[in-house]
Amino acid sequence: MNDKVNTGHNIEDKELIKNARKPVGDLGEKILDRMNKSHESMASWGVSHFKINPGDKILDIGCGGGRNIERFASEISHEGKVIGIDYSEVSVEKSTKLNKKAIDEGKVEVIQGSVSEMPFDDNSFDIVTGFETIYFWPDFINDLKEVNRILKKDGLVFFCNEAVYHEGKMEKYEDLIELLDMKIYSQEVLAESLEKTGFKDFKAYVNDEKDWICITARKI
Ligand SMILES: C[S@@+](CC[C@H](N)C(=O)[O-])C[C@H]1O[C@@H](n2cnc3c(N)ncnc32)[C@H](O)[C@@H]1O
């Protein structure tokens, strides 16, 4: 059993699941292919909570296998742009491969980099998203300030997670938290963190049956 981990949803191979934090090599590729599919129902539920305009400039942080880049690219015109950023080389390769056509058309770009220091000017984006990634950000408050910096005034931040912190109910995630050194946030901590880093209009949507949460807020 010690090569297995309880993810809170399933029993899985440890070596594969380790790659959720920063995909590398063949197992990294494998988990990215899988996440593009396994996150689809949560992601499509999540994105139903905000609206995209055809000319929007959108950044997806921790873009992984690139499925959300593909989704957003299908919703914008050539006036808009979707950029994906991820600190994993394999994630950048996978996202690039999946979105090759849109990249060639100039609608999409994928770059390697960390959320903590992003190579974008202040006030650049209409929307910044993060699916299943904030668990791994090294310094959540500073990283939120960095997200705030690159958003335009009134720009939207959106995060979507398939694990939510509920006091006294975290036993099922203990193995995963230890394996991945991840932080699972409650709705309250997300609200407070965004409020103190320059955001307003916080809204949370929770699916209790699945243990999904997605949130939106706007740059002040
Ligand atoms: C669990 S995967 C989710 C991938 C994709 N968003 C999805 O929903 O399928 C987490 C992704 O976040 C990326 N990531 C984690 N920490 C990061 C950081 N500090 N800066 C940039 N990317 C990060 C990882 O490399 C990985 O590709």
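This section reports on the structure supplied with the text. The structure displayed is predicted, hence computed values, not measured ones.

## Quick word on the overall build of the protein chain
Part 1 of the argument: Helix and strand content of the protein chain: nine helices and nine strands.
Part 2 of the argument: Its C-alpha radius of gyration of 17 Å places the protein chain within 12% of the 17 Å reference for a compact globule of 220 residues.
Part 3 of the argument: Within the protein chain, the fraction of its 220 residues that count as buried is 40%.
Part 4 of the argument: Restricting to contacts in the protein chain with at least 6 residues of sequence separation, those with at least 24 account for 66%.

## Notes on the packing of helix α2 (residues 25–38) against helix α5 (residues 89–98)
Two quantities define a packed helix pair, namely the angle between the helix axes and the distance between the axes.
Part 1 of the argument: Contact geometry of α2 with α5 gives a least axis separation of 10 Å together with a crossing angle of 50°. By the angle between their axes, α2 is oblique relative to α5. Between α2 and α5 lies a crossing whose hand is right-handed. Along the contact surface, α2 presents Gly-28, Glu-29 and Leu-32, while α5 presents Val-90, Ser-91 and Lys-94.
Part 2 of the argument: Partitioned by chemical class, the residues of the contact of α2 with α5 number two nonpolar, two polar and two charged.

## Let's talk about the nonpolar core
Part 1 of the argument: Val-82, Val-128 and Val-157 are the most contacted members of the largest nonpolar core, which totals 53 residues.
Part 2 of the argument: Among residues more than four places away in sequence, those in contact with Val-128 are Leu-59, Ile-61, Val-147, Ile-150, Leu-151 and Val-157.

## Some thoughts on the site of the ligand
Part 1 of the argument: Around the ligand lies a shell of 22 residues, among which Met-35, Gly-62, Gly-64, Ser-88 and Phe-131 are the nearest.
Part 2 of the argument: Within the shell around the ligand, the residues separate by chemical class into eleven nonpolar, eight polar and three charged.

## Focus: unusual backbone geometry
Part 1 of the argument: With phi around 55°, Asp-201 is a residue other than glycine that occupies positive phi space.
Part 2 of the argument: One non-glycine residue, Asp-211, adopts positive backbone phi at about 65°.
Part 3 of the argument: Topologically, Asp-211 is positioned in the loop between β8 (199–207) and β9 (212–219).

## Overview of the sheet that holds strand β3 (residues 57–61)
Part 1 of the argument: One open sheet accounts for seven strands, arranged β5-β4-β3-β6-β7-β9-β8; its pairing is mixed. The outermost strands of the open sheet, each flanked by one partner alone, are β5 (108–112) and β8. Each adjacent strand pair in this sheet contributes to an overall mean axis angle of 15°, direction not counted.
Part 2 of the argument: Here strand β7 (residues 151–161) runs beside β9; their pairing, made up of six bridges, is antiparallel. The residue bridging Val-157 from the neighbouring strand is Ala-217, located in β9.
Part 3 of the argument: Relative to the sheet, helix α7 (residues 140–150) contacts β6 (125–131), β7, β8 and β9, its axis offset from that of β7 by approximately 135°.

## Examining α5
Part 1 of the argument: Within α5 the residues assigned to the buried category are Val-90, Ser-91, Val-92, Lys-94, Ser-95 and Leu-98.
Part 2 of the argument: Next to the buried residues of α5 lie α2, α4 (67–73), β4 (81–86) and β5.

## Description of the pairing of β6
The two faces of the sheet receive side chains in turn, since in a regular strand these alternate between them.
Part 1 of the argument: With six of seven residues buried, β6 lies mostly within the body of the structure.
Part 2 of the argument: Bridge analysis of β3 against β6 gives four bridges, and the strand direction is parallel. Bridging from a neighbouring strand, Asp-60 pairs with Thr-129 of β6.
Part 3 of the argument: Sheet topology places β6 next to β7; six bridges connect them, and they run parallel. Looking at the pairing, Phe-131 lines up with Cys-160 of β7.
Part 4 of the argument: For the crossover that starts at β6, traverses α7 and ends in the parallel β7, the hand is right-handed.

Criteria and thresholds
Every chain's residues receive numbers from 1 upward, in the order its sequence appears when written. The predicted nature of this model means local features are confined to residues of pLDDT at least 70 and side-chain atom pairs, given and counted, to a pLDDT of 80 or more, with totals for whole chains, interfaces and linings taken over all residues. Note on conventions: DSSP H or I runs of at least 4 residues are helices, E runs of at least 2 residues are strands, and numbering of each starts at the N terminus. As a reference, a globule follows 2.2 Å times the number of residues to the power 0.38, and the radius of gyration itself is taken over C-alpha atoms. The exposure scheme places C-beta atoms from the backbone and then counts, for each residue, the other C-beta atoms within 10 Å of its own, assigning buried at 20 or more, exposed at 12 or fewer, and partly exposed in between. Contact between two residues is assigned whenever their backbone-derived C-beta positions fall within 7 Å. For helices, the fitted axis covers only the stretch in contact; all axes are lines through C-alpha atoms, and the angles between them, taken along N-to-C directions, range from 0 to 180 degrees. An angle below 35 degrees is treated as roughly parallel, one above 145 as roughly antiparallel, one from 65 to 115 as roughly perpendicular, and anything else as oblique. Crossing handedness follows the turn of the near helix against the far one: under a right angle anticlockwise gives a left-handed crossing, and clockwise gives a right-handed one. For this classification, Asp, Glu, Lys and Arg are treated as charged, while Ala, Val, Leu, Ile, Met, Phe, Trp, Tyr, Cys and Pro are nonpolar and the rest, including Gly, are polar. Here a nonpolar core is just a set of buried residues of the types Ala, Val, Leu, Ile, Met, Phe, Trp, Tyr and Cys, joined wherever their C-beta atoms sit within 7 Å. For each residue, a C-beta atom is placed from the backbone, and the residue is labelled near a molecule or strand when this atom is within 6 Å of it. Only strands that DSSP links by at least two bridges are regarded as paired with each other. When the strands point away from the viewer and the connection leading from the first strand across the helix to the second strand turns clockwise, the crossover is called right-handed.

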